[in-house]
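Geometric and topological summary
Here's the letter readout for the chains.
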Number of protein chains: 2
Amino acid sequence: MPSKISDIGEKLLIKRLLSKSKNPRYNSFLDYNSIKSLSDDAALINIGDHYLVACSDMLLQSTHFPKEMDFYQIGKKIVTVNVSDLAAMGAEAIGIIISMGLPKNMLLTDFDDLIDGILDNCNKYEMALIGGDTNESSQLTLTGTCLGIVKKKNVMMKTGIHPGDIVAVTGPLGLAAAGFITLLNPCHDISHLKENVINLVKKHALEPEAKLKEGIILAKTNSTSSATDITDGLFSELGELIDANNNKIGFIISQEDLPIPKEVFDIAKLTGNNAMDMATTYGEDFELLITIPTHLFNNLKTQISIYKIGLVDSSGEIKIIDKKGNTNIITPQGYEHLK
Amino acid sequence: MPSKISDIGEKLLIKRLLSKSKNPRYNSFLDYNSIKSLSDDAALINIGDHYLVACSDMLLQSTHFPKEMDFYQIGKKIVTVNVSDLAAMGAEAIGIIISMGLPKNMLLTDFDDLIDGILDNCNKYEMALIGGDTNESSQLTLTGTCLGIVKKKNVMMKTGIHPGDIVAVTGPLGLAAAGFITLLNPCHDISHLKENVINLVKKHALEPEAKLKEGIILAKTNSTSSATDITDGLFSELGELIDANNNKIGFIISQEDLPIPKEVFDIAKLTGNNAMDMATTYGEDFELLITIPTHLFNNLKTQISIYKIGLVDSSGEIKIIDKKGNTNIITPQGYEHLK
């Protein structure tokens, strides 16, 4: 039977695409690495001593928007997911172009809410809505393309990691998972939870915020050896980093050091989920994952809130040391489209 | 009853969006006109004495791909529609980012054909595929975002037209319509038509080519007072130009001068269609519509193939002079999404 794309999944599809792409250097604006950065968070265009950073993300109603997410939140999210890719490169935001596929019977008030969400987040990230088009679609489909700018000497990539580097994240893990699980399984009895806990996790799920300021600060310190966002899940992204560095590095992650808030454990228990999985494979936490040469870590920690979660080695594997001191080798998992 | 977006249609939706957008000038990279260029073919970013040009177009299976269009042709088309917007600004292409929504059961060979079409057209327009992502979608959905570059002194916009200017197009009108009508109505008896005619019109419908080289030449001559592409139809775009120039200009179009090939008349007759409508409102002809100060026209005509179709006046209307010399006032019509 002929192969379907779901037989191989998103990541192998992208690899297949990369293997077909040559590296045409038609003009001086294309960085030598531009094609390589197909596998990075964004593409880089040469502009003197800066890179123009360009990235694109598509959100589809059937895959990305739970019914609890309102149109204002959907508008905010299409901006956030794109800005998060800029953040991972350390770029400042310039503007976003949004192409919309809209159902014909969409209410005008819903359209207005969608636009308000887009514009409010443009305002938040100090960027402009600079273009777009509208089309008719059976389901709400939004593609954002974000443009940003970063000095070449400051840009953060997925490559450049060395054994011995410290691995860190910019914030707590698992809150978005806790929010989605609470929202998507209303039959669970969460009446024991305080309202502020429910609001906290719902906010992380429905109105996540991109770590743009943090990315810009990290880039300006020139302290990181790599950066990416972890919206597809921590373990999945660790696997991507190993790939991007040609399997010459690996990770030793300390389970005890993962910044998993109490709320995540509470909701895991109440809903029969595993807090560790929620924090490492569920995804949707809009935090940055960075690696830092050891001698730069303490100074960086005085400038920005970061959580050390492990070390880089040269194994090509992801090892996790659990609370009892046992080592487990992890197969990268996370949300993967088309699988 | 609450209003739906289909009550007002694409053009008023975009106007509604524009009225909500402020013009935040968060950084020096955003041109003063960037927000205004939401209504132009592309957005402009300040890069010294150049503009980086960015545009985005979404294509959806249900709206844009007739079943006769194969995956290779679909791949080519997502590049062409985006490059056409660069052509309208006079920009050279740098690269394209493509976000894909793919049905889970899509065959891998179809995916490969799609990518081959994308890459072959990237090659044709001397640009690179610089990024993208894949998602699961019930219908094939492709969003391309194209980046280009043009000297500020050469950029072509929709604004800047003056009464007295000559109106021209870069090529024949109605061939794409003839192709689609032939494809979509197989019950029509087109057996009288020669195979090369059928192939010609099918090629215009299924594998259109963007006038990128022509756009670049036009921009470098600095002879045009405006430019846009006419993929939504000639009359529709004339209406857009009147809008963009604050209703201070209008057009007098000579029906006799419209470059409508014999093949369009033949197919119109055989299929019970109106050749004039096919050439002016159907859309999908990837030609450029330009205005040129009269004294520059003859010199420009020696450098590039252009067809004079009328003159600019200050009426705020589109008038068409028919072959008998009668004047009709036209309400701009063309393909409009969501209406």
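Residues numbered from 1 in each chain as written. Chains lettered and ligands numbered in written order. Predicted model: local features only at pLDDT ≥ 70, side-chain atom pairs only at ≥ 80, totals over all residues. Heavy atoms only, no water.

1. Description of the overall build of chain A
- Looking only at helices and strands, one finds 11 helices and 12 strands in chain A.
- The C-alpha atoms of chain A give 20 Å as radius of gyration, which agrees with the globular expectation for 339 residues (20 Å, within 12%).
- In terms of overall dimensions, chain A has a C-alpha envelope of 60 × 55 × 55 Å along the principal axes.
- For chain A, the proportion of its 339 residues judged to be buried stands at 61%.
- For chain A, the proportion of contacts with a sequence separation of at least 24, taken over those separated by at least 6, is 81%.
- Counting only carbon and sulfur atoms, one obtains 49% of the accessible surface of chain A, whose full area is about 13200 Å².
- On chain A, the mean spot of the 32 positive side-chain charges and the mean spot of the 42 negative ones are 5 Å from each other. (Helix = DSSP H or I, 4+ residues; strand = E, 2+ residues; numbered from the N terminus. Rg over C-alpha atoms; globule rule 2.2 N^0.38 Å. Buried < 20%, exposed > 50% of the residue type's maximum accessible area, 1.4 Å probe, protein only. Contact = heavy atoms within 4.5 Å. Areas by Shrake-Rupley, 256 points an atom, 1.4 Å probe, with all protein chains shown as cover. Lys, Arg positive; Asp, Glu negative; His and termini not counted. Charge placed at Lys NZ, Arg CZ, Asp CG, Glu CD.)

2. Focus on the pattern of salt bridges
- Under the criterion given, the structure shown has 21 salt bridges over all chains.
- Residues K220 of chain A and E92 of chain A are paired through a salt bridge, measuring 4.0 Å at the closest nitrogen-oxygen approach. Taken together, the residues K220 of chain A in helix α7 (residues 212-221) and E92 of chain A in strand β3 (residues 92-102) connect sequence positions 128 residues apart.
- Residues K262 of chain B and D266 of chain B are paired through a salt bridge, measuring 2.8 Å at the closest nitrogen-oxygen approach. With K262 of chain B and D266 of chain B both in helix α9 (residues 262-271), this residue pair falls four residues apart, about one helical turn.
- In the salt-bridge network here, residues are joined through shared partners; they are K76, K203 and E207 of chain A. (Salt bridge = Lys/Arg side-chain N within 4 Å of Asp/Glu carboxyl O.)

3. A few points about the domain arrangement of chain A
Residue and element names in this part refer to chain A.
- Along its sequence, chain A is carved into domain 1 (10-154) and domain 2 (166-330).
- Across the boundary between the two partners, domain 1 contributes 25 residues, which contact 26 residues of domain 2.
- Between domain 1 and domain 2 lies a buried interface of about 2200 Å² when both sides are counted; carbon and sulfur atoms form 53% of it.
- At the junction of domain 1 with domain 2, the criterion picks out four salt bridges.
- The partner of K124 in a salt bridge is E209, with the nearest N and O atoms 3.4 Å apart.
- Between domain 1 and domain 2 we count eight residue pairs in polar contact (both at pLDDT 80 or more) in total. (Domains from an automatic or database assignment. Buried area = accessible area lost by both parts, 1.4 Å probe. Polar contact = N/O pair within 3.5 Å; in protein donor to acceptor, adjacent residues only side chain to side chain.)

4. Quick notes on the interface of chain A and chain B
- Listed per partner, the contact involves 76 residues of chain A and 76 residues of chain B.
- For the pair chain A and chain B, the two sides together bury roughly 6600 Å², of which 67% comes from carbon and sulfur.
- At the surface where chain A touches chain B, the tally comes to two salt bridges.
- We note a salt bridge from D112 of chain A to R16 of chain B, for which the minimum N-O separation is 2.6 Å.
- Where chain A touches chain B, the interface holds 16 residue pairs in polar contact (both at pLDDT 80 or more).
- Looking at the side of chain A that touches chain B, the elements that each hand over two or more residues are α1 (9-20), β1 (43-47), β2 (50-60), α2 (61-64), β3, α4 (108-124), β4 (128-136) and β5 (141-151) of chain A.
- Residue contributions to the side of chain A that touches chain B peak at nine residues, all from β4 of chain A.
- For the side of chain A that touches chain B, the residue count by class is 41 nonpolar, 23 polar and 12 charged. (Nonpolar A, V, L, I, M, F, W, Y, C, P; charged D, E, K, R; others polar.)

5. Some details on the relation of the copies chain A and chain B
- Superposing chain A onto chain B takes a rotation of 180° combined with a translation of 0.0 Å along the rotation axis, leaving an RMSD of 0.0 Å. Seen this way, the second copy is the image of the first under a two-fold rotation axis. (Least-squares fit on C-alpha atoms with pLDDT ≥ 70 in both.)

6. Here we look at the state of the cysteines
- Within this structure, the stated rule accounts for zero disulfides over all chains.
- Considering cysteine sulfurs only, C146 of chain A is the nearest to C55 of chain A, which forms no disulfide, with 5.1 Å between them. (Disulfide = S-S within 2.5 Å.)

7. Re the sheet that holds strand β12 (residues 327-330) of chain B
Residues and elements named next belong to chain B.
- Strand order in the open sheet formed by seven strands is β7-β9-β6-β10-β8-β11-β12, with mixed pairing between adjacent strands. A strand with exactly one partner marks an edge of an open sheet, and here the two such strands are β7 (226-229) and β12. With direction set aside, neighbouring strand axes in the sheet form an average angle of 25°.
- Where strand β8 (residues 250-254) meets strand β10 (residues 307-313), four bridges bridge the pair, whose relative direction is antiparallel. Paired with F251 across the two strands is V312, which belongs to β10. (Pairing = 2+ DSSP bridges. Axes fitted to C-alpha atoms, helices over the stretch in contact; angles between N-to-C directions.)

8. Structural notes on the packing of aromatic side chains
- Counted by the stated rule, this structure contains two aromatic pairs over all chains.
- With 6.4 Å between their ring centres and 20° between their planes, F180 of chain A and Y282 of chain A make a pair best called stacked. Of this pair, F180 of chain A sits in helix α5 (residues 175-184) while Y282 of chain A is found in the loop between α10 (275-280) and β9 (288-292), placing the two residues 102 residues apart along the sequence.
- Above the plane of the ring of Y51 of chain B lies K152 of chain B, whose end atom (NZ or CZ) is 5.3 Å from the centre. (Phe/Tyr/Trp six-rings, centres within 6.5 Å; stacked < 30°, edge-to-face > 60°. Lys NZ or Arg CZ within 6 Å of the ring centre and 35° of its normal.)

9. Observations regarding the environment of K151 of chain B
Residues and elements named next belong to chain B.
- Relative to the assigned elements, K151 resides in strand β5 (residues 141-151).
- The exposure class assigned to K151 is partly exposed, which follows from its relative accessible area of 40%.
- Separated by 134 residues in sequence, K151 and L17 have C-alpha atoms that sit 29 Å apart.
- Residues contacting K151, with those up to four places away along its chain left out, are D49 and H50.

10. What about the side chain of N154 of chain B?
All names here are of chain B.
- Here N154 shows up in the loop between β5 and β6 (166-169).
- Classification of N154 by relative accessible area gives buried; the value is 10%.
- Those residues within four positions of N154 in sequence are excluded, and the remaining contacts are A219, K220 and N222.

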